[in-house]
Amino acid sequence: MATSAAPSRTPAAAGDMSTPVVPGPVAGLVERPRLFAALEHGSAGPVTLLTGPAGSGKTMLLSSWLRTVRPPPAVAWVDVERDERDATRFWATVMDAVRRSGAVALDDPLATLTPGPAGGDEFLERLAEGLGRLARPMFLVLDDLHHLRSDDALAGLERLLTRAPPHLRTFIVSRRDPKLGLHRMRLAGDLVEVRGADLGFTPEEASALLAAAGVAVGEDDVGRLHERTEGWAAGLRLAAISLSRHDAPGRFVAEFSGSERTVADYLVGEVLASRPPEVRRLLLRTCILERVTGPLADLLTGRTGSARLLHELEEANALVVAVDVARTWFRYHHLLADLLRLDLRLEAAPDEVPALHRLASGWFAEQGHVVEAIRHAQLGGDADLAAELIGRHWVHLVLDGEEATLGTLLAGLPPDRLETDAELATIAAAARLAESRWEQADTLLAAAGAALPALPDARRPRAGTALAAAHLMRARSLGDMERVIEVADAVAGGATGIGTDGGDVARDELEALALMNLGIAESWILRLEDAEAHLERGLALGRRAGRAYVEVGCLGGLGTVANITQRLGIAYDRLRQAVAVAERVGWSRHPVVGPAYLSLGAVLIERGRLAEAEGVLERADRAMAAAPEPAAIVGLHHVRGMLALAQARLDDALASFSAGRQLAGTLRAPHFLAPILRQWELRVHLRLDDVDAVRAALPDVVPGAQTSNLAALVALADDDPDAAAEAVASVLAGEAFVFHVNVEIEALLLDALARTALGDAGAAYASVERALALTEPEGRVWLVLTVPGARDLLAAHPAHRTAHAAHLRALLDHLSGLEPASAEEPPAETLSERELAVLRFLPTNLSANEIGGELYLSVHTVKTHMRRLYAKLDVHTRAEAVARGRALGLLAPAVRRG
Amino acid sequence: MKSTHYQITVRGRLSDSLASAFEGLTATPSAAGTVICGELPDQAALFGVLDRIESLGLELLAVCRTEAA
């Protein structure tokens, strides 16, 4: 089965990316100077509104005018899908159109911006910013906007229009006035309107239309046609089609004028009667489609040559409109399609229409157009096929953030199927989880679990994987550790189907999603090796399927595991990659990137880069606010506490550690950070001189190396260095389990403090040297900042006798509150020679084309290198690339001009 | 639930195929055009009918709520 990883939503996306798409025939256009002038006037301002009933010629007017605009403008033409209820899907079609308009450079952030799952606000801001950067006007056409039924999408559109990017010219084509706050623009004079009454043809225009269609009729007949159709565009066009083939035009006009039937109905009947039978068959049997292409029409008519007929129909008149530049996909005028469907229903045998839908469903499925395949299966009454297709492809929709579409498709199934079919119940649950509707999800998950054994053998493995994936989504979102342990055990025992090679893209995506959630959850229960293995595999599958969502989640998880397992360099690289991928697609505020920011903050704090960490933690806050996961929030409190402690904001530190510990206690199973948070809480109490309270709490703290250190801290506060040295002795002798290198560093510093107080300079020197040896390799700073007295201790350390002189100096700077200016880190990936060569040309004024000339590369190759090097440098614009290249020493410093 | 009787008038005479778009309702020619009438369970159903009228390019002349006969 040929499923592409990212099925294009509109066929034109596969076509020529640089040619503007304006639908409609090239031939038979009518110049309508008065309306063209209105559009011209509208195109000077932000918004033009074209409203009028079906068939009033809105689209035709706009497309014929656009063809006359010189120089040809960049046009982003959006055909809003019938009954569109999914905001994400709507914005995805807008982005496709914007990219096809030719106004967006390959290296512009708009080229990769994606409306993510539940990430609306940031997407809209980036879109508005991107459109604000346009160097020349872009005409954004929203055709059939009345089909848009999503309040979210309309609200977003209103915000975009209110922002009014200077070069954006929006044309709204709708049967009804859309809810977009247009009255304010009208009052401000920012809105140009072409309404139903304006759209009606004047007798002169009707005459021109008939002439353009090659119809020769007398002035009287034109007058009668105009009167009968009341200038209605669709009526005149339909009449022109019939007249062009009629041997007695006068009689046709007379009969039409004498008929009491409605205009459209009469004329469509005439048009159909005047056409050869094969055209009639084609129109009737393909009118069930929202869009049609030659091979599909061949299948539905059982004849060959449909592509030629469609071309002829398109060239001859306005019955059929091409929707892509290559003219391979067409759609019927909505009014015509609706009338044809009524005829088909009357003429066809009862089971014929469903059979057509099922044929179409199979064809769309084969071509990878999943949503259309499922819709036609449902219209064809084949609930089994629809269920199978949903089971195979639902992960696409969830990963694309199209839960609303998935919900609509599920709602189109017979209601009892959701309760009795384990796989469908699971999918419905996943859709609810994605919308944070926990209770409904739980009910559905319970039903799925109960119904799973009843599923046929052939369907059970995939359903089992889906169920495990949904449970993991839920457990992760709610911090349900018990369930995580259960599912992790089941995966290890091979009971879920996760980890068995699926080998098709749909399975891969499901598995990638499950592995991402599993790995992240496993890291919370410290099954770190399993977590790493699962996240690596999820990352590979996610990359293969082109899923940024999974990539960001897995990289963030891997970075977090690397941080916990004390490999700061690897952690830093992976977390930076996670952030870079998220920013590339415009999801830097999406919940999926939250944990990556959080761990990146932790790594920066460990290295003493506190100011940078502050910014990163703010981003973590913002990303996590949209979908707060309790286990991740515990982590956020921990890292905020670390930061506050390093900055000696003791009250803030205490508040953060306490809040984290209390939240960790409310989770179903203990969070690994809970005891660690308690330790830090007590250390802050000591710093606040609350020694008695800590002494009283000590017996209740879980024993271990960290508790021994805490006892030493209490002893030092009591001026009892003997007891302090004794307390840490077991840690230093390697007798106590040391979870983290920071515990050993702390023990060594406390030992050195105790030895100094006891007058044993030699032992103190040795312990400090050992502590420096542990902190230096990864540039650890943070723990040293937390130990009271560390500054004096290190200041007294003989600089001429240490093996770590530079590191010691750096630590002393940090302890004096002198944070080294944020050292530029080398990029996560190194640049290739070619990329470096291209980078060196970026400070110049040369275009990509000219750089290609200098380097003997094609412009395409230069742009590919630019894209790669931007990604590696984590930048979006040429100017940023130059700045970062300079900071990294890859480019010579800028010459300052006096 | 109590349904309500509606009379919806559109311009022009409807062919059989057009009339078939309004299942469960009757379409009767009248002086003004065609009167589509029948029982509708609620406003949602009414708007469904109006939607169909719009998409078929019919001109809506009047909508009346009448007492059920």
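Residues numbered from 1 in each chain as written. Chains lettered and ligands numbered in written order. Predicted model: local features only at pLDDT ≥ 70, side-chain atom pairs only at ≥ 80, totals over all residues. Heavy atoms only, no water.

Chemist: Give a description of the overall build of chain B that names residues and reports values.
Modeler: Check the secondary structure of chain B and you find two helices and four strands. In chain B, the succession of helices and strands from N to C terminus is β-α-β-β-α-β. Taking 2.2 N^0.38 as the reference for a compact globule, 69 residues should give roughly 11 Å; the C-alpha atoms of chain B span a radius of gyration of 11 Å, in line with that estimate. Once the C-alpha set of chain B is aligned to its principal axes, its extents read approximately 30 × 25 × 20 Å. Across the 69 residues that make up chain B, the buried fraction comes to 42%. In chain B, the proportion of contacts linking residues at least 24 apart, taken out of those at least 6 apart, comes to 67%. Within the structure as shown, chain B displays about 3,800 Å² of accessible surface, and the carbon and sulfur contribution to it stands at 54%. (Helix = DSSP H or I, 4+ residues; strand = E, 2+ residues; numbered from the N terminus. Rg over C-alpha atoms; globule rule 2.2 N^0.38 Å. Buried < 20%, exposed > 50% of the residue type's maximum accessible area, 1.4 Å probe, protein only. Contact = heavy atoms within 4.5 Å. Areas by Shrake-Rupley, 256 points an atom, 1.4 Å probe, with all protein chains shown as cover.)

Chemist: Help me get a handle on the sheet that holds strand β3 (residues 34-40) of chain B, residues and values and all.
Modeler: Residues and elements named next belong to chain B. The strand order across the open sheet built from four strands is β2-β3-β1-β4, with neighbouring strands paired in antiparallel fashion. If you trace the sheet from one side to the other, it starts and ends with β2 (26-29) and β4 (60-66), each paired once. For this sheet the average axis-to-axis angle between neighbouring strands, irrespective of direction, equals 20°. Across the sheet, helix α2 (residues 43-55) is in contact with β1 (4-10), β3 and β4; its angle to β1 comes to roughly 15°. (Pairing = 2+ DSSP bridges. Axes fitted to C-alpha atoms, helices over the stretch in contact; angles between N-to-C directions.)

Chemist: Account for a nonpolar patch on the surface, naming residues and giving values.
Modeler: Residues L526, F737 and F739 of chain A make up a contiguous nonpolar surface patch of roughly 300 Å² in combined accessible area. Among the secondary structure elements, F739 of chain A is positioned in the loop between α37 (721-732) and α38 (741-757). (Patch = residues over 30% accessible without salt bridge, like charges linked within 9 Å, V, L, I, M, F, W, Y side chains within 5 Å. Salt bridge = Lys/Arg side-chain N within 4 Å of Asp/Glu carboxyl O.)

Chemist: Explain the pairing of β3 of chain B to me, and be specific about the residues and the numbers.
Modeler: All names here are of chain B. With six of seven residues buried, β3 lies mostly within the body of the structure. Where β1 and β3 come together, seven bridges link them in antiparallel fashion. Along β3, the bridge assignment pairs V10 with T34. As paired strands, β2 and β3 are joined by four bridges and run antiparallel to one another.

Chemist: Give a detailed account of the side chain of S259 of chain A, specifying residues and quantitative values.
Modeler: Residues and elements named next belong to chain A. Here S259 shows up in the loop between α11 (249-258) and α12 (263-274). A residue is classified by how much of its surface remains accessible, and S259, at 16% relative accessible area, is buried. Non-local contacts of S259, meaning those with residues more than four positions away in its chain, are made with R228 and Y266.

Chemist: Report on the packing of helix α28 (residues 548-564) of chain A against helix α29 (residues 568-584) of chain A, specifying residues and quantitative values.
Modeler: Residue and element names in this part refer to chain A. Relative to each other, α28 and α29 sit at 160°, their axes nearing to 8 Å. When the axes of α28 and α29 are compared, the pair comes out roughly antiparallel. The handedness of the crossing between α28 and α29 comes out as left-handed. Of the residues in α29, those touching α28 at A548, E551, V552, L555, G556, L558, G559, T560, A562 and N563 are L568, I570, A571, R574, L575, Q577, A578, V581 and A582. For the contact of α28 with α29, a count of residues per class yields twelve nonpolar, five polar and two charged. (Parallel < 35°, antiparallel > 145°, perpendicular 65-115°, else oblique. Left-handed = near helix turned anticlockwise from the far one by under 90°. Nonpolar A, V, L, I, M, F, W, Y, C, P; charged D, E, K, R; others polar.)

Chemist: Lay out the environment of Q43 of chain B in plain terms, naming residues and giving numbers.
Modeler: Residues and elements named next belong to chain B. Note that Q43 resides in helix α2. A residue is classified by how much of its surface remains accessible, and Q43, at 43% relative accessible area, is partly exposed. Each C-alpha atom of the pair Q43 and L61 lies 18 Å from the other, and the pair is 18 residues apart in sequence.

Chemist: Before we move on, can you summarise the interface of chain B and chain A with the specific residues and values?
Modeler: Where interface size is quoted, it is often the accessible area lost as the parts come together. With 17 residues of chain B at the interface, the matching set in chain A holds 18 residues. Both sides together, the interface formed by chain B and chain A hides about 1,500 Å², and carbon and sulfur atoms give 49% of it. In terms of surface lost to chain A, no three residues of chain B exceed R13, S17 and E54 of chain B, which account for 36% of the buried area on that side. Taken together, the links from chain B to chain A amount to eight residue pairs in polar contact (both at pLDDT 80 or more). Only α1 (16-19) and α2 of chain B provide two or more residues apiece to the side of chain B that touches chain A. (Buried area = accessible area lost by both parts, 1.4 Å probe. Polar contact = N/O pair within 3.5 Å; in protein donor to acceptor, adjacent residues only side chain to side chain.)

Chemist: Pulling in residues and values, what's your account of the confidence of the model for chain B?
Modeler: Summarising the model, chain B shows a mean pLDDT of 88, and 94% of its residues fall at 70 or more. Scoring the predicted complex yields pTM 0.74 and, for the interface, ipTM 0.83. (pLDDT = per-residue confidence, 0-100.)

Chemist: I'd love a proper account of the confidence of the model for chain A, names of residues and values included.
Modeler: Scored by pLDDT, chain A has a mean of 87; 92% of the residues are at 70 or more. Below a pLDDT of 50 lies the segment residues 1-20 of chain A, which in the model reaches 48 contacts outside its immediate sequence neighbourhood of four places, other chains included.

Chemist: Can you tell me about the pairing of strand β3 (residues 138-143) of chain A, naming the residues and giving the values?
Modeler: As a general feature of sheets, a regular strand has side chains that alternate between the two faces. Residue and element names in this part refer to chain A. Summarising burial for β3: six of the six residues are buried, a large majority. Alternating positions in β3 separate into two faces, M138, L140 and L142 on one and F139, V141 and D143 on the other, with burial throughout. Across six bridges, strand β2 (residues 74-79) lies against β3 in parallel orientation. Counted as the bridge partner of W77 is V141 from β3. Across five bridges, the pairing between β3 and strand β4 (residues 168-174) is parallel. Looking across to β4, one finds that L140 is bridged to T170. Between the parallel elements β3 and β4, the chain passes through helix α5 (residues 151-163) in a crossover that is right-handed. (Right-handed = clockwise from strand over helix to strand, strands pointing away.)

Chemist: Give me the lowdown on the nonpolar core, citing residues and values where you can.
Modeler: Grouped together as the largest cluster of nonpolar side chains are 244 residues, with contacts concentrated most on Y332, I390, W394, L406, L410 and I605 of chain A together with F22 of chain B. Counting residues per element, this core draws most heavily on helix α32 (residues 630-646) of chain A, which supplies eleven residues. Non-local contacts of L406 of chain A, meaning those with residues more than four positions away in its chain, are made with I390, W394, L397, V398, I427 and A431 of chain A. Of all hydrophobic cores here, the second largest spans 37 residues; its members include V47, V94, L161 and L182 of chain A. (Core = buried A, V, L, I, M, F, W, Y, C linked by side-chain atoms within 4.5 Å.)

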